[in-house]
Structures are given as C-alpha cells and as structure tokens.
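Examining the three-dimensional arrangement
Residue strings, one per chain:
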Amino acid sequence: MAGRERWGTRIGLVLAMAGNAVGLGNFLRFPAQAAQNGGGAFLIPYLISFLLMGIPLLWVESAIGRHGGQYNHHSAPGMFDRMGRYRWLKYVGVFGLFTNLTIASYYTYIESWTLAYVWHSLVGTFKTVDPRAFFASYLGTTDAAFYALPPAAFLFFVVTLALNVYILSRGLMKGVELTARIGMPLLILFAVILVVRGLGLREGDPGVVQSPLAGLNFVWSPDLSGLVNPTTWLAAAGQIFFTLSVGMGSLHCYASYIGHKRDIALNAATAGWMNEFVEVVLGGTLLIPIATAYLGLAAVQAATAGGSGFGLGFLTLPTLFNNWGAFAPLAGAMWFGLLFFAGITSSLAMGQPILAFLEDEFGVERRRAALGFGAAAFLLGFVCLWLYPAGAFDEFDFWTGTFSLVVFALLEVIIFGWVFGMERGWDEITRGADMKVPRLFRFVIRYVTPLFILLVFTGSMVQPAGGAWGAAFRSLFSGDGWPLSPESVIGRVLHLGDASYAWFDAAGHPTHALVQDGTRLLLMLVFIGIGFLVHLAWRRRRALP
Amino acid sequence: MTAGAWGLLVCTWTVVIFFAVRFLLMVIRTPTGPNDE
C-alpha cells in the first residue's frame, strides 16, 4: 500500500518538490514570455502573481495533500473527499489524476527529445546536420505529413517512459527522491556553467555579432506601460501557473507522505523560491543572451514572437554551440541534459499520483501500478507522437497543460477557503511550520487568490484578438461585439482560426480539424473514464467490511 | 545594458536569491525528517 511509502530526508523532499516545479518552461518559456511582454514590465506582475497566487497555491496544495495523507489518501479524489461532507468533492479530484496522466503522456515525449538531443550533441550530429532539418526529420513532420511514426523518436519515447516507470517502481525514497537528489544539483551546475560561458562571450569571438548583454538588456529593460496592460498580467500569471506546476495534483501527492505534525509551509516556500531562482536567475540569463550574441537582437525578437523559446532552444542553440570548438558537444549535452533533468523530475511527480491512486483505492502492488501508469501514458503519448503533424500534441498541451490546471486550481482554492473552511485550512498550513507564515495570507488565500485565478480564467476564455483589450471594450460598447482571439478558450472551441472548418476536405481526406475534435473527444473520454474509476473505487470502499 | 535594466536585474536577483538561500538554510538547519514522530 502507498501508506508504507515515506520520504527519506527533508532536503530530498524539498528537492523533489522543487524538481516537480522546475521544468522545461523555466528555461524555454520564461525568457521568451518575459521578452515578449515588455521585459521589465513583465517581471513586476510576475513577482506579484508569485506572491498572491503562486505561494498561496503551494501552501494550499501542500495542506490538502498532508491532510489527505492522514487518512491514507495520496491522490486527489480521496484528499478532496476528506475536505467536506459533500459526495461530489471526490469528483473534483478527478482533475488531479486527469491532468497528471495526460500531461505526463506528452511531456515524456518532449523529455525523450531532450534525451535524444543529448546523444546527438555528444556524437556531433549537429556539426554536419542543420538542426531544423534534423528536427523535422526526427518528428516526421513534412509539409504533406498528417501521420508520423518516426522510428528514432518512437524509440527514445519508449526508453524515456520505461525509465520513468522503472524509477517510479523503485518507490518514493529510492526512486523519486534519489533522482531529485542527483538531478537537481546537476541541473543547476550545468546551467551555471552555460550562463558563465554565455555571458563571457565578447564581440570579436568567432561567430559573435553582438554582446550577450544586449539580450539581457532586452529582457530586463523596465517598461512601465506593460503594467496597465491586461495581456501582460495574463501572461505573467499564466507563467506562474506553469512554472510552479500548481493545479495538477502532483504537489498534493508529495505532501501526502509528510507526517501529520511535520512542516509543510517552509518546505513549500523553499521549493517555490528555488524554482524562482532557477527560472529568473538561470533561465533568464541563458537562452536569450547566448542567442543574441550569435544571431543579433532582431533575430531573437522574431524567434520568440509567439512567446515560446522552443524554437531557439531546439532549433537554433545546437548550431550556435558549434562556435565553442571542442567544448561544443559538451555544451550541447549540458543544455539538453539540464532540460532532461528538469523534465524527468516533473514527469515523475506526474506519475506518482496515478500510482498512489491505484495502490490506495484498488490495492494494486507498486510495480504493477507503475506498469499501469506506463501503459496508459504510452497509449496517450502514442496519439501525440502519431498525430503530431496533424496537431494532436498541441491539443493535449492546451486542454490539459493549460486549461485544466486553471480550472482545478480555481476549484481547489475555493473548496479550501470556503468548504474546508479557513479556520481548519489555516491550522493545516501552520501546524508544525518551521517558519512564521504571515497572517495576511489567511485573507489572501480566502479572497485574493480565488479572485486572481478567476480573472486569469475569465481572461483566457475571452481574450480579445491581438490582446487589444481597450479596443475590444470600445468595440463592445459601440455595439460591434467582442472581437474574440482564435487563441482564446472560446475561440478554440469554435475553431475561429479555421476559416474553412470541416472534418474532411473536398477530396475526402481527413483534416486537422478532425484531429483537433477527435483529440478533444479522447481527452473527455479519459476524464469520464477516470471519473468512473473513482466511482468504482468508492463503491468498492463501501462494500469493504 | 542601461542603468534601468541593471537596476531591475539586481533588485529582482537580490530578492529571489535572498529568499531562496534563506529558506534553504532554514531547511538545512532544522533537519527534522518529514516523517519523524
């Protein structure tokens, strides 16, 4: 049973919690988001969101987790069931399994790319092959491709997933904690080496066209106009969500293995601030300065236009490292190695709640539960891999990795403050705390955080075209309606960006719209299926003597 | 880099490093295990 699982050391627990938060987004998404949203202007809303939404959510989720752990529940349905007398509460916990399983399925696929890139960096592939051509060939994406079954990508995906399953099957202390104790220090070491090397570049060095400080200046220049722009606030709050891995159910699970009277406040705060160190100090000083040094600021601005550093990280950086001579293979391996460690410490956190659910509620033995998680993640991940060119991956990323998180976080913070009750909630957060939790957060958790998340949720639902909120309100009040962005939640549901929306083209071939709708249906079925498992588990529980 | 950019970078880094190190030191100094009774 999962109840026998335990953390070995406190530092191991904190590193695992930080590893859960630190992911690929710290190095790829944060610098691009900061650069695209006014640089310095982005950072002020970002830090405010961290204090008013990020830290409170870390405490709330840890408190829900440790409270559920007392009753031998280590996954969200059981934890929420124990938060009140309502029978529907356990079904809110379905989100805590759904997001972890579905995100893990495509996240391990990205993780497998980083592992493949470590290998190809070390053997010098990128000295002779253009990374853009390599990436397309690796994923099987060509202009005409609809399906893809690229053998190398498939092999690395299976290897990465098998590694995750193996580590999870070793248990919390010998698997998850040990990986975090090795992976997190190595990640920070690799990042520091690359930051020092990158900032040490000078104009006149081979291939360098501009000082890396120009890139740093681009990210950090104060631009106060962004402070009154809702789009900047939405981007900053959204980044806090993704970077802290809140609204998923994984932190709840880790906290459920902490003793009833042991600290959660300091552990969660330490993990949160460690994540900020990796993101703001290391992530903000790596990708953009190095890319600026070799490509120039204008090219970097163009490459991060969509708010993602993915293109720079995977398609451009491997070539740029070639300017570093004999150090190039090692630099590439360190860059993709740190992304791999960031990825695996997060994907393990996604797998653990699934194992815990199967162990706690169905009495499945750990190794079998790990295999069960691996099989489910493989089937869903295969859909992402196979239909990658047709857009299945992006659908997974948006509906599970973006939308679901916000919904679950909103529900959990409301249930914590208003159903569980702030008296009990505050007692849960502060019991055994090794730090003084400012009393102000009692008010913040009950009122400010839910309102904050509600604004983020509403903003993402009705985000106007081009992020022009002022123009959208003027249009609304002048009777011309609200100009929805195709990227908004409603815009996506209605396929606003697809002028010729149809499931089959004139020749009768399936279209991307069919794959988008099919993927959404699949995700809904997974959600309903997990809900049914929860129903079965409680029926089984009631039938026990 | 402009003075404004340096200023923002130094202030933000100081806050982030201060809290990350402070809390980590507090964790190390109170090493009671997460499951100790």
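Residues numbered from 1 in each chain as written. Chains lettered and ligands numbered in written order. Predicted model: local features only at pLDDT ≥ 70, side-chain atom pairs only at ≥ 80, totals over all residues.

**Here's the deal with the packing of helix α6 (residues 94-122) of chain A against helix α19 (residues 366-386) of chain A**
Relative placement of two packed helices is described by the angle separating their axes and the distance separating the axes. All names here are of chain A. The contact between α6 and α19 brings their axes to 8 Å, and the two run at 60 degrees. As judged from the angle between their axes, α6 and α19 are oblique. Seen from above, α6 lies across α19 with right-handed handedness. Two secondary-structure elements touch here, α6 through Leu101, Thr102, Ala104, Ser105, Tyr106, Thr108 and Tyr109 and α19 through Ala376, Ala377, Leu380, Gly381, Cys384 and Leu385. Of the residues in the contact of α6 with α19, the class split is 9 nonpolar, 4 polar and no charged. (Axes fitted to C-alpha atoms, helices over the stretch in contact; angles between N-to-C directions. Helix = DSSP H or I, 4+ residues; strand = E, 2+ residues; numbered from the N terminus. Parallel < 35°, antiparallel > 145°, perpendicular 65-115°, else oblique. Left-handed = near helix turned anticlockwise from the far one by under 90°. Contact = placed C-beta atoms within 7 Å. Nonpolar A, V, L, I, M, F, W, Y, C, P; charged D, E, K, R; others polar.)

**Some remarks on helix α2 (residues 24-36) of chain A**
Because each turn of an α-helix spans 3.6 residues, side chains separated by three or four positions end up pointing in the same direction. All names here are of chain A. A rise of 1.5 Å per residue sets the reference length of α2, with its 13 residues, at 18 Å; its end C-alpha atoms lie 18 Å apart and thus fit the reference within 8%. Largest kink in α2: about 30 degrees, centred on phenylalanine 30, with the proline proline 31 one to four residues after it. When you tally the buried positions in α2, you get 12 out of 13 residues, the bulk of the element. Every buried residue of α2 is accounted for by Leu24, Gly25, Asn26, Phe27, Leu28, Arg29, Phe30, Pro31, Ala32, Gln33, Ala34 and Ala35. Glycine 38 occupies a position one or two residues after α2 and carries a positive phi of about 90 degrees. (Expected span 1.5 Å × (residues − 1). Bend = angle between axes of the 7 residues up to and from the residue. Buried ≥ 20, exposed ≤ 12 C-beta atoms within 10 Å, placed from the backbone.)

**Focus on the interface of chain A and chain B**
With 29 residues of chain A at the interface, the matching set in chain B holds 25 residues. Listed by contribution, the elements that provide at least two residues to the side of chain A that touches chain B are α1 (10-21), α3 (40-70), α11 (212-220) and α14 (265-282) of chain A. Looking at the side of chain A that touches chain B residue by residue, the classes come out as 18 nonpolar, 6 polar and 5 charged.

This is a description of form; function is not addressed.
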